[in-house]
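The lines below spell out each chain.
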Amino acid sequence: MKKLTVLLIALFIAVAGASAQKGEKSIGMNLGYGTEIERLGLGARFQYGLTDMIRIAPDLTYFFSNNGVDLWDININFHFLFPVEKVKLYPLTGFIISTVNGKHDSESRLGVNIGGGIQCDLTPELMFNGELKYGIVKDFDQAVISMGIAYRF
């Protein structure tokens, strides 16, 4: 119990020092790889700072067709920002809707995401990010590794 209390206090101190700004917005593109479907995906993301420490990041990713089957992921994730030197590290959690379109039918399923990422500011307006998230979806869990660039406005 004592170790948990110390961990929670350290986490609070780290989060209290986060340097994002409430109301900050960005839009960007990312390239990802789905480990279960073994395909590349192209996505778009919007990010909005809900507080100085938490941002919401909805995104849409299309995984390219293979043998007439393609996959769409719609995610609504929350990033918990920790500044470290000149980058921001963030654990993430959120929701996912995966839609598989086959030759004759389509199926959608709801699940949850867990993961983390890193953001590097290239200029005051441009940022690069790398991310690893794991989607827990009934009968279709998979990790997605992605990287992208975004414009802050």
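So, here's what we can say about the structure. Source: prediction; values computed, not measured.

### A word on the overall build of the protein chain
The secondary structure content of the protein chain amounts to 1 helix and 9 strands. Overall, the protein chain shows an N-to-C arrangement of helices and strands of α-β-β-β-β-β-β-β-β-β. Looking at the 153 residues of the protein chain, the share that counts as buried comes to 34%. Long-range pairs, those at least 24 residues apart, make up 47% of the contacts in the protein chain with a sequence separation of at least 6. Carbon and sulfur atoms form 69% of the exposed surface of the protein chain, whose accessible area is close to 9000 Å².

### So, the side chain of Lys 133
As for its placement among the helices and strands, Lys 133 is situated in strand β8 (residues 126-137). Within the structure, Lys 133 has its side chain in polar contact with the side chain of Asp 59 (distance 3.4 Å). Residues in contact with Lys 133, not counting those within four places in the same chain, are Asp 59, Asn 75, Asn 77, Leu 92, Asn 113, Ile 114, Gly 115, Gln 142, Ala 143 and Val 144.

### Looking at the side chain of Thr 99
Looking at where Thr 99 falls in the secondary structure, it is placed in strand β6 (residues 87-101). At 2.7 Å, the side chain of Thr 99 and the side chain of Ser 108 are in polar contact. The contact partners of Thr 99, leaving out residues within four places of it in the chain, are Asp 70, Leu 71, Trp 72, Ser 106, Glu 107 and Ser 108.

### Some points on the pattern of salt bridges
Pairs can form between side chains of opposite charge once their charged atoms are near each other. Applying the stated rule across the entire model yields 9 salt bridges. We note a salt bridge from Glu 131 to Lys 133, for which the minimum N-O separation is 3.9 Å. Summarising the burial analysis for this pair, Glu 131 and Lys 133 share the class buried. Each of the salt bridges in this network shares a partner with another, and the network as a whole consists of Glu 24, Lys 88, Asp 121 and Arg 152.

### A look at the environment of Gln 119
One can find Gln 119 in strand β7 (residues 106-121). The buried category is assigned to Gln 119, whose relative accessible area is 2%. Spatially, the C-alpha atoms of Gln 119 and Ala 150 are 9.9 Å apart, while their sequence positions differ by 31 residues. In contact with Gln 119, not counting residues within four places along its chain, are Arg 55, Val 87, Lys 88, Tyr 90, Met 127, Phe 128, Asn 129 and Arg 152. A polar side-chain atom of Gln 119 sits 3.0 Å from a polar atom in the side chain of Asp 121.

The rules behind the values
- Residues numbered from 1 in each chain as written.
- Predicted model: local features only at pLDDT ≥ 70, side-chain atom pairs only at ≥ 80, totals over all residues.
- Heavy atoms only, no water.
- Helix = DSSP H or I, 4+ residues; strand = E, 2+ residues; numbered from the N terminus.
- Buried < 20%, exposed > 50% of the residue type's maximum accessible area, 1.4 Å probe, protein only.
- Contact = heavy atoms within 4.5 Å.
- Areas by Shrake-Rupley, 256 points an atom, 1.4 Å probe, with all protein chains shown as cover.
- Polar contact = N/O pair within 3.5 Å; in protein donor to acceptor, adjacent residues only side chain to side chain.
- Salt bridge = Lys/Arg side-chain N within 4 Å of Asp/Glu carboxyl O.

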